[in-house]
Amino acid sequence: MDAEKINDLLRRKNLKALKELDSKIISSMVLVLLPDHRKLLPLGEKPITLGKAQTNDIVVKDLWVAEKAGIIEKLADGWYLRYVGGFLRPKVNGDFSKKPMKLKESDIISLGKTRMQVMQTDRIFCSAKRQAQIEGIPKDEYPLTS
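A. Just the overall build of the chain, in detail. On a plain count of helices and strands, the chain comes out with 3 helices and 10 strands. Starting at the N terminus and walking to the C terminus, you meet the elements of the chain as α-α-β-β-β-β-β-β-β-β-β-β-α. Here the chain holds 146 residues, and the buried ones make up 42% of them. Look at the contacts in the chain between residues 6 or more apart in sequence, and 41% of them connect residues 24 or more apart. For the chain, the accessible surface area stands at approximately 8,600 Å², while carbon and sulfur atoms represent 53% of it.

B. Representation of the pattern of salt bridges within the structure. Under the defined criterion, the tally for this structure stands at 5 salt bridges. Between Glu45 and Lys74 there is a salt bridge, and its shortest N-O distance comes to 4.0 Å. Placement of Glu45 in the loop between strand 2 (40-42) and strand 3 (48-51) and of Lys74 in strand 5 (residues 70-75) is noted, with a sequence separation of 29 residues between them. By relative accessible area, which is 66% here, Glu45 ends up exposed. Among the ionic pairs, Lys102 bridges to Asp77, the shortest N-O distance being 3.8 Å.

C. Up close: the sheet that holds strand 2. One open sheet holds the 5 strands; their spatial order is 2-1-10-9-7, and the pairing between them is antiparallel. Strands at the two margins of the open sheet, each flanked by one partner only, are strand 2 and strand 7 (91-92). Of the pairings in the sheet, the one linking strand 1 (residues 29-34) to strand 10 (residues 114-120) comprises 6 bridges and is antiparallel in character. What sits directly across from Leu33, in strand 10, is Met116.

D. The arrangement of unusual backbone geometry in detail. One non-glycine residue, Asn93, lies in the positive phi region at around 55°. Among the structural elements, Asn93 can be located in the loop between strand 7 and strand 8 (101-102). Look at Asn93 and you get partly exposed, because its relative accessible area is 41%. One non-glycine residue, Ser106, lies in the positive phi region at around 80°. In this structure, Ser106 sits in the loop between strand 8 and strand 9 (108-111). Ser106 sits in the partly exposed class, given a relative accessible area of 43%.

E. Layout of the packing of aromatic side chains. Counted according to the given criterion, the structure contains 1 aromatic pair. Seen from their ring centres, Trp64 and Phe87 are 5.3 Å apart, and the 50° between their planes marks the pair as tilted. In this pair, Trp64 is assigned in the loop between strand 4 (58-59) and strand 5 and Phe87 in the loop between strand 6 (78-83) and strand 7, connecting sequence segments 23 residues apart. An identical accessibility class is assigned to Trp64 and Phe87; each is exposed. Just above the ring of Tyr83 sits the side chain of Arg89; from NZ or CZ to the centre is 5.4 Å.

F. Expanded view of the sheet that holds strand 3. If you trace the 5 strands from one edge of the open sheet to the other, you get 4-3-5-6-8, paired in mixed fashion. Both edges of this open sheet fall to strand 4 and strand 8, since each of them pairs with a single strand only. Note that strand 3 and strand 5 share 3 bridges and pair antiparallel. Across the sheet, the residue bridging to Leu50 is Gly70, located in strand 5.

Thresholds applied
- Residues numbered from 1 in each chain as written.
- Predicted model: local features only at pLDDT ≥ 70, side-chain atom pairs only at ≥ 80, totals over all residues.
- Heavy atoms only, no water.
- Helix = DSSP H or I, 4+ residues; strand = E, 2+ residues; numbered from the N terminus.
- Buried < 20%, exposed > 50% of the residue type's maximum accessible area, 1.4 Å probe, protein only.
- Contact = heavy atoms within 4.5 Å.
- Areas by Shrake-Rupley, 256 points an atom, 1.4 Å probe, with all protein chains shown as cover.
- Salt bridge = Lys/Arg side-chain N within 4 Å of Asp/Glu carboxyl O.
- Pairing = 2+ DSSP bridges.
- Phe/Tyr/Trp six-rings, centres within 6.5 Å; stacked < 30°, edge-to-face > 60°.
- Lys NZ or Arg CZ within 6 Å of the ring centre and 35° of its normal.

Put into structure tokens, the structure is as follows:
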């Protein structure tokens, strides 16, 4: 899945291109920045870093967040959020721990004021379809087929 392409299509509300892309996507897990759901990061083999430094995958603009505060990485049985350092620890569903926390669908990760959610890609496209319905876009132009 090409996350940058999906992010661009979501930003531009290019529903026709999203519909074409939908036929090529297999269900997988992504990290979605809240509240607007406009930025997607696929959870894959490559770790995702969180922190204040511009070199992180998710940059958190908060005085109390460390340069590198956390990392999401894939282990044998799933994806885990690991605390790396700093005053503010990443939380999963409001809880934080010094041990790595296993992530599952619908988990909310918080670091400072930044929030993100673990979701299935097919759920992201269903959300886009609902938005299209709200905006009165004709059925044949929905980004997803049911």
